[in-house]
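Breakdown of the fold
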Amino acid sequence: MYADSETIRRILTSTGDTWAVVGLSDNASRAAYGVARVLQRFGKRVVPVHPKAETVHGEQGYATLADIPFDVDVVDVFVNSGLAGPVADEAVSIGAKAVWFQLDVIDEEAYERTRAAGLDMVMDRCPAIEIPRLG
C-alpha cells in the first residue's frame, strides 16, 4: 500500500538524480552508507544529511535539509520512525519532489501529509533493493 511499483519506478527513474540521505554519516557499518554507495553507482548524486555534516562518498554533508544550498529531488530517510515525520515535513518545505522512508521506517500520518502535499512517497522499502529490479 505504501510502496506501489509505479511510484517506486517513477522515483527511481524520472523524479531526479539528487538524493538527500538523512542519517548518512561516514560510519561504514550503517545501512545508509552502503545504500548511498549503491545510489551513486546508479547515477544518483547523494547528499549526506546528518548533525555532524560529514563528507561521505566524496559529497559535502549538511546538518539539515534546509542547509542544502541547491534543489533536492528525493529525500531518503534513514532515521527511526519516531523522528521520520518531521523529516518528511521538512522535505515538503524545501520543495523536494519525493520522500523515501527506508525499511522499517514507518509513519502513516507522515505518509498521508506528504502525499497530500503533492509529493510521491514510498515507505518501508530500500532503493538499493528496488533499483536492480527495474531491469
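This text gives an overview of the structure that appears in the document. Note that the structure is predicted; figures quoted are calculated from it, not measured. Throughout this description, residue numbers start from 1 for each chain and increase along the sequence as written. It should be noted that, the model being predicted, local features are given only for residues of pLDDT at least 70 and side-chain atom pairs only at 80 or more, the latter also being counted only at that level, while totals for whole chains, interfaces and linings use all residues. The side-chain numbers reported here are obtained from all heavy atoms of the structure, hydrogens and water having been left aside.

Quick look at the sheet that holds strand S5 (residues 120-122)
Pairing between strands is defined by DSSP: at least two bridges between them are needed. Going along the chain from the N terminus, every DSSP run of H or I of four or more residues is numbered as a helix, and every run of E of two or more is numbered as a strand. Read from one edge of the open sheet, five strands run S2-S1-S3-S4-S5, paired in parallel fashion. One side of each edge strand has no neighbouring strand; the edge strands of this open sheet are strand S2 (45-49) and S5. The sheet shows a mean angle of 20° between the axes of neighbouring strands, taken without regard to direction. Contacts are assigned to residue pairs with any non-hydrogen atoms lying within 4.5 Å of each other. Lines fitted to C-alpha atoms define the axes here, with helix axes fitted over just the stretch in contact, and angles between the N-to-C directions of these axes take values from 0 to 180 degrees. Together, strand S1 (18-22), strand S3 (74-77) and strand S4 (98-101) form the strand contacts of helix H3 (residues 81-93), whose direction differs from that of S4 by roughly 165°. Lying over the sheet, helix H4 (residues 108-116) contacts S4 and S5, oriented at roughly 160° with respect to S5.

Remarks on the nonpolar core
As a rule of thumb, soluble globular proteins bury nonpolar side chains together. If you look at the biggest cluster of nonpolar residues, it comprises 25 residues, and the most contacted ones within it are Leu 65, Ile 68, Val 75, Val 77, Val 99 and Phe 101. Among the secondary structure elements, those contributing two or more residues to this core are S1, S2, S3, H3, S4 and H4. By residue number, the principal contributor to this core is H3, which donates four residues. Those residues within four positions of Val 77 in sequence are excluded, and the remaining contacts are Val 22, Ala 84, Val 87, Val 99, Trp 100, Phe 101, Gln 102 and Val 105. Among buried residues, those of type Ala, Val, Leu, Ile, Met, Phe, Trp, Tyr and Cys that are joined through side-chain atoms within 4.5 Å constitute a nonpolar core. Only protein chains enter the accessibility calculation, which uses a 1.4 Å probe; a residue whose area is less than 20% of its type maximum is buried, one above 50% is exposed, and one in between is partly exposed.

A few points about the packing of aromatic side chains
Aromatic rings considered in pairs are described by the distance between their centres and by the relative angle of their planes. For Phe, Tyr and Trp, where Trp contributes only its six-membered ring, two rings pair if their centres lie within 6.5 Å, and the inter-plane angle classes them as stacked under 30 degrees, edge-to-face over 60, or tilted in between. As enumerated under the stated definition, the model contains three aromatic pairs in all. Where Trp 19 meets Trp 100, the ring centres are 5.9 Å apart and the plane angle is 45°; that geometry is what we call tilted. Placement of Trp 19 in strand S1 and of Trp 100 in strand S4 is noted, with a sequence separation of 81 residues between them. The pair formed by Trp 19 and Trp 100 is uniform in burial state, with each residue classed as buried.

Notes on the environment of Asp 120
Summarising the element assignment, Asp 120 is placed in strand S5. There is a polar contact of 2.7 Å between the side chain of Asp 120 and the side chain of Arg 10. In the analysis that follows, any N or O atom pair within 3.5 Å is treated as a polar contact, provided that within protein one partner can donate a hydrogen and the other can accept it, and provided that, for residues neighboring in sequence, both atoms belong to side chains.

Let's talk about the side chain of Asp 73
With respect to the helices and strands, the residue Asp 73 is situated in the loop between S2 and S3. Polar contacts involving the side chain of Asp 73 include one to the main-chain amide nitrogen of Asp 17, which spans 3.1 Å.

Here we look at H3
One fewer than the residue count of a helix, multiplied by 1.5 Å, yields its expected span. With 13 residues, H3 extends 19 Å from end C-alpha to end C-alpha; this agrees with the ideal 18 Å at 1.5 Å per step. Of all the residues in H3, the buried ones are Ala 84, Gly 85, Val 87, Ala 88 and Ala 91. The secondary structure elements touched by the buried residues of H3 are S1, S3, S4 and H4. For H3, the side-chain oxygen to backbone nitrogen distance between the N-cap and Gly 82 is 2.9 Å, and the N-cap itself is Asn 80.

What to know about the pairing of S2
The buried fraction of S2 amounts to four of the five residues, a majority that puts the element mostly inside the structure. Alignment of S1 against S2, held across five bridges, turns out to be parallel. Across the sheet, residue Val 22 finds its bridge partner in S2, namely Val 49. Read from S1 through helix H2 (residues 31-41) to S2, the crossover connection turns out right-handed. Classification remark: right-handed applies to a crossover when, strands pointing away from the viewer, the course from the first strand over the helix to the second runs clockwise.

With respect to the side chain of His 57
Structurally, His 57 can be placed in the loop between S2 and S3. Among the polar contacts made by the side chain of His 57, one reaches the main-chain carbonyl oxygen of Tyr 33 at a distance of 2.8 Å. Apart from residues lying up to four places away in sequence, His 57 is in contact with Tyr 33, Ala 36, Arg 37 and Gln 40.

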